[in-house]
Amino acid sequence: MKIQNIIYVTTLAIGLLTGCEKGMVEPLGKSSMITVAKPIASSVTQVSVMINTNIKGGQNGEVIEKGICWGTIINPTTSSTKRSTGGGTGSISETITELMPGTNYYLRAYFQTGYEIVYSENIQFKTINYQLATVVTNSVGNVTLIGALGSGNVISAGGGFVSTRGLCWSTSTSPTTSNNKIASGSGTGTFTGDIYALNPGTTYYVRAYATNQAGTAYGEQIIFITTTPVKLATVSVVSINMIGKNTASISASVTADGGGTITSKGLCYSASTSVPTVSNANYTNNGSGIGAAGSTLTGLTSSTTYYVRAYAVNSAGTSYGAVTSFRTTL
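Just so it is clear, the structure is predicted and the values come from calculations on it, not from any experiment.

*Asks:* What is the right way to read unusual backbone geometry from this model?
*Replies:* As a rule of thumb, non-glycine residues mostly have phi less than zero, and peptide bonds are mostly trans rather than cis. The phi dihedral of asparagine 142 is positive, around 50 degrees, even though this residue is not glycine. Relative to the helices and strands, asparagine 142 resides in the loop between strand S10 (134-141) and strand S11 (148-156). Take asparagine 142: its relative accessible area is 59%, and that puts it in the exposed class. Non-glycine residue serine 303 carries a positive phi angle of around 50 degrees. By the secondary structure assignment, serine 303 is in the loop between strand S25 (295-297) and strand S26 (305-314).

*Asks:* Can you help me understand the sheet that holds strand S18 (residues 234-235) in this one?
*Replies:* Strand pairing in a sheet takes place through backbone hydrogen bonds and is either antiparallel or parallel in direction. Here three strands make up an open sheet; going across it, the order is S18-S21-S24 and the pairing antiparallel. The open sheet has two edge strands with one neighbour each: S18 and strand S24 (291-292). Pairing of strand S21 (residues 253-256) with S24, which is carried by two bridges, proceeds in the antiparallel orientation. Bridge pairing in S24 links serine 253 to alanine 292.

*Asks:* Would you mind showing me how to read the sheet that holds S10 here?
*Replies:* The strand order across the open sheet formed by three strands is S10-S11-S14, and the pairing between neighbours is antiparallel. Of all strands in the sheet, those with a lone pairing partner are S10 and strand S14 (189-195), marking the two edges. Adjacent strand axes in the sheet meet at a mean angle of 25 degrees when their direction is disregarded. Pairing of S10 with S11 involves seven bridges; the strand directions are antiparallel. Residue valine 140 lies in a different strand from S11, and its bridge partner there is glycine 150.

*Asks:* Would you mind showing me how to read the environment of serine 174 here?
*Replies:* Take serine 174: it is sitting in the loop between strand S12 (164-170) and strand S13 (180-183). Sequence-wise, serine 174 and threonine 137 are 37 residues apart; in three dimensions their C-alpha atoms are separated by 12 Å. Residue contacts for serine 174: discarding those within four places in its chain leaves Arg207 and Gln221.

*Asks:* Whenever I open this one, the pairing of S26 confuses me. Can you help?
*Replies:* Every regular strand shows the same layout, with side chains that alternate between the two sheet faces. Along S26, eight of the 10 residues are buried, which leaves the element largely enclosed by surrounding structure. Pairing of strand S22 (residues 264-270) with S26 involves seven bridges; the strand directions are antiparallel. Of the residues in S26, the one forming a bridge with cysteine 268 is arginine 309. Here four bridges tie S26 to strand S28 (residues 324-327), and the two strands are oriented antiparallel to one another. Considered in S28, the bridge of threonine 305 is made with arginine 327. Bridging between S26 and strand S27 (residues 317-320) involves four bridges; their strand directions are antiparallel. Its bridge partner being in S27, tyrosine 311 is matched across the sheet by tyrosine 320. Hairpin connection, S26 to S27: the antiparallel pair is bridged by two residues.

What counts and what doesn't
Residues numbered from 1 in each chain as written. Predicted model: local features only at pLDDT ≥ 70, side-chain atom pairs only at ≥ 80, totals over all residues. Heavy atoms only, no water. Helix = DSSP H or I, 4+ residues; strand = E, 2+ residues; numbered from the N terminus. Buried < 20%, exposed > 50% of the residue type's maximum accessible area, 1.4 Å probe, protein only. Pairing = 2+ DSSP bridges. Axes fitted to C-alpha atoms, helices over the stretch in contact; angles between N-to-C directions. Contact = heavy atoms within 4.5 Å.

So this is what it looks like as structure tokens:
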């Protein structure tokens, strides 16, 4: 055989073998008979979305996996976050959850054969943004001269996280966190807070507040008035009804309690000081509350001048009536 013929035969054999090897590899696009519909997004919330799509065509068992994949960057792949719905063709109807509020997402459907992964067109959707929290101002109680106890309730976090909640107050309507405030924890649920450093006898406005990613929300306004300071009680001038050698019958009364409870009342008297008090003279205790404070004094010294006046005690202190003098008989 001539050398030229040997070279030709060898070259032809190599070409035939090479052609057979290429024919054994499935070319990209074998799955072109399978179609994947562009997904449709619906029922978008702050954290979820409903996705519907359809994959059809091809041979039985050709699709070994189908599903959807998504992310915040265009053209997500199965290396991104994905949801597989099994093998075979057919419709896909899935609710994706645990999304972030107010975020743009890209999503594609996909199917995988033994040869390749095919994706649908991109769709884009945006979850609903964070909403203000829902907060209620519950009540204000335990009102004193300079303080009160307020309470509130964060009913809903608005899809976000309530980082701080509390109470704010002012002598003007619609107080905000720019006014006086006290923080009371975080998250949803009920809470209380001390409203403090108030002025006695003053009208205040208070609201509960809650702050999340969307901003600060406020509850309804509640109006309350701090208590007024307790004043000294009002005590009448005594009346001398009867004077004896060692006794004297004297009338008096407490006519006003000054806004506080009268804890004791009576007469204080002395022969040695013209200004008797409960600390420097004799005195009687004739009960509590407003009303009569007089009594009959006994054990007096005859033919002696006494000074007497009524007194009453409340939380503001001890008040006294005007001093009256009398002289016992021989």
